[in-house]
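Coordinate analysis (summary)
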Amino acid sequence: MVEKCLAAVAVDKNKTALMEVQVPMVSENDGLLKVEIVGVCGTDVSYYNKEIEPKILGHHVVGYIEEVGEIASKNWGVMKGDRVVMEEYIPCGQCEFCRTGEYRACLATDPKYQGIRYGATPLTESPSLYGGFSQYMYLHPNAVFHKMPKHVPAVEAAITLPLANGFEWMCIEGEADPGKVVLIQGPGQQGLACAIAAKYAGAEVIVTGRNTSSHRLELAKQIGIDHIINIQTTDLYEAVHEITKGKMVDIILDVTSGGLEPIKSAIKVARKNAKVILGAFKYQTLSEFDIDEIIQKTLKIIGVRGHSYKSVSMARDCIASNKFPLSLLNSHNYPLEKTDLALKTAGGIGDPRPLLVTVSPWL
Ligand SMILES: [Zn+2]
Ligand SMILES: [Zn+2]
């Protein structure tokens with residue numbers, strides 16, 4: 001029985017510190033995970049850039065069941081030694097959202113309503129180990145698990161949740177399938193994960209970016225994406241017109257940070273009946289918005305967040321299929337004591353050229 005473990009705790013704005021944290025006794029209803037690897041998410045970076053109550057960040061967590069209570073083992077369908085990928089949500093299981101499978105909307109797992117979830121819960125919430133940047137993580141009775149086959153390399157398993165968003169947004173919401181053309185604006189971790197999901201579903205996929213993301217566009221090519229467009233050197237509309245022989249795009253996703261121009265370009269390259277999917281907050285309002293074009297083209301504009309149980313399973317199966325060289329996406333893998341640098345790197349102010357940044361607590 002482990003008594004204490006090391007965790008990288010976000011203690012203040014732009015600061016994490018390695019601390020010893022008490023490991024809880026496991027009861028019949030809960031368990032303990034030995035963290036193998038954790039992917040750094042944009043959400044971790046935004047917490048890191050704010051003044052927050054001390055907490056262990058990290059919610060793209062893969063690990064091995066270290067201990068599990070008898071009832072929990074039956075409820076979760078896992079045993080000691082199983083390799084699992086965790087969802088960040090710790091839903092109540094009882095509300096209308098939970099009962100209709102939409103547990104990501106459950107208020108009990110929303111930090112805005114004092115809910116708890118992995119990577120966003122203060123140390124003061126017992127038993128503190130609610131984040132992945134730690135040697136061990138507490139397994140709450142309401143945690144959500146997916147088994148991860150042991151042949152999958154850790155750095156690939158760590159992409160499960162971003163890829164799950166990809167399947168949710170592209171395949172479940174967007175209904176990507178063979179014969180459809182998909183355009184992804186924003187070739188970051190989330191954009192490329194969406195590109196992979198759409199490609200896996202059989203769609204023809206275009207990824208766009210700028211000069212600053214040219215290496216990511218090249219990477220998109222290497223992992224098998226059909227077309228890349230640098231919108232600073234090529235006219236987007238013209239290029240899409242040529243690729244699609246004038247048919248234009250069925251599903252357009254915006255996951256660019258900051259600017260509003262991609263929203264306008266998304267509507268411009270859309271064909272009739274297309275879906276425009278918005279997955280990145282802009283923190284500003286859009287003026288000069290051509291509503292008539294939306295009506296004229298009978299577009300569907302969809303806001304998306306997070307993943308469902310089904311999309312995480314789809315992502316896991318896609319990774320386990322070995323169809324894509326996903327290890328190429330892992331730009332940096334750090335030991336636990338370098339969690340601070342991992343967060344800086346993922347935020348663009350640490351080591352150069354970040355994409356999928358991970359921390360392996362036992363490295
Ligand atoms: Zn995340
Ligand atoms: Zn609920």
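This text follows the structure it describes.
First things first, this report covers the structure right here in the doc. Just so it is clear, the model here is predicted, and its values are computed rather than measured. (Residues numbered from 1 in each chain as written. Chains lettered and ligands numbered in written order. Predicted model: local features only at pLDDT ≥ 70, side-chain atom pairs only at ≥ 80, totals over all residues. Heavy atoms only, no water.)

Every protein donor of the zinc ion (ligand 1) is accounted for by Cys41 (SG), His59 (NE2) and His60 (NE2), and the metal-donor separations fall at 2.1 to 2.4 Å. Sequence spacing of the donor residues for the zinc ion (ligand 1), all on one chain, is C-x17-H-H. In this pair, cysteine 41 is assigned in the loop between strand E3 (31-39) and helix H1 (42-48) and histidine 59 in the loop between H1 and strand E4 (60-68), connecting sequence segments 18 residues apart. As far as the burial class goes, cysteine 41 and histidine 59 line up, both buried. (Donors = N, O, S within 2.8 Å, 3.2 Å for Na, K, Ca; no water. Helix = DSSP H or I, 4+ residues; strand = E, 2+ residues; numbered from the N terminus. Buried < 20%, exposed > 50% of the residue type's maximum accessible area, 1.4 Å probe, protein only.)

Okay, the coordination of the zinc ion (ligand 2) next. Taken together, the protein ligands of the zinc ion (ligand 2) are Cys92 (SG), Cys95 (SG), Cys98 (SG) and Cys106 (SG), with distances of 2.3 to 2.4 Å. For the zinc ion (ligand 2), the four donor atoms are set out with angles of 106 to 113° between them, so the coordination reads as tetrahedral. The class for cysteine 95 is partly exposed, based on a relative accessible area of 23%. (Tetrahedral: all angles 85-135°; square planar, octahedral: opposite > 155°, others 65-115°.)

Leftover empty space is mapped by rolling, across the atoms, a probe with the size of a water molecule. The computed volume of the second largest pocket comes to approximately 280 Å³. Lining of the second largest pocket is provided by 13 residues; of these, Trp76, Pro141, Asn142, Ala143 and Val144 occupy positions nearest its centre. Of the residues that constitute the lining of the second largest pocket, the class distribution is 10 nonpolar, three polar and no charged. (1 Å grid on protein atoms, 1.4 Å probe; cavity = no way out; pocket = protein on both sides within 12 Å on 5 of 7 lines; lining within 4 Å. Points joined across faces, edges and corners; volume = space filled by probe spheres on them. Nonpolar A, V, L, I, M, F, W, Y, C, P; charged D, E, K, R; others polar.)

Take the sheet that holds strand E12 (residues 270-278) next. With respect to topology, six strands assemble into an open sheet ordered E10-E9-E8-E11-E12-E13, the strand pairing being parallel. Single-partner strands in this sheet number two, and they are strand E10 (227-230) and strand E13 (300-303). Mean inter-strand twist for the sheet, computed between neighbouring axes without regard to direction, equals 20°. Helix H8 (residues 236-243) contacts strand E8 (181-185), strand E9 (204-209), E10 and strand E11 (249-254) of the sheet and is inclined by roughly 160° relative to E10. (Pairing = 2+ DSSP bridges. Axes fitted to C-alpha atoms, helices over the stretch in contact; angles between N-to-C directions. Contact = heavy atoms within 4.5 Å.)

Here we take up the nonpolar core. Of all hydrophobic cores here, the largest spans 50 residues; its most connected members are Leu163, Met170, Val182, Ile184, Val205 and Leu329. Listed by contribution, the elements that provide at least two residues to this core are helix H4 (154-157), helix H5 (160-173), E8, helix H6 (189-200), E9, helix H7 (214-222), E11 and helix H11 (309-320). With near-sequence residues (within four places) excluded, valine 205 lies in contact with Val182, Ile184, Ala195, Ala198, Lys199, Ile225, Asp226 and His227. Formed by 45 residues, the second largest nonpolar core is a distinct cluster that contains Ala8, Ala72, Tyr136 and Tyr138. (Core = buried A, V, L, I, M, F, W, Y, C linked by side-chain atoms within 4.5 Å.)

Before going further, it helps to examine the packing of H8 against helix H9 (residues 261-269). What describes two packed helices is the angle between their axes and the distance between those same axes. Contact geometry of H8 with H9 gives a least axis separation of 10 Å together with a crossing angle of 35°. As for how H8 packs across H9, the hand of that crossing is right-handed. Residues Leu236, Tyr237 and Val240 of H8 touch H9, and the partners they reach there are Ser265, Lys268 and Val269. Tallied by class, residues from the contact of H8 with H9 come to four nonpolar, one polar and one charged. (Left-handed = near helix turned anticlockwise from the far one by under 90°.)

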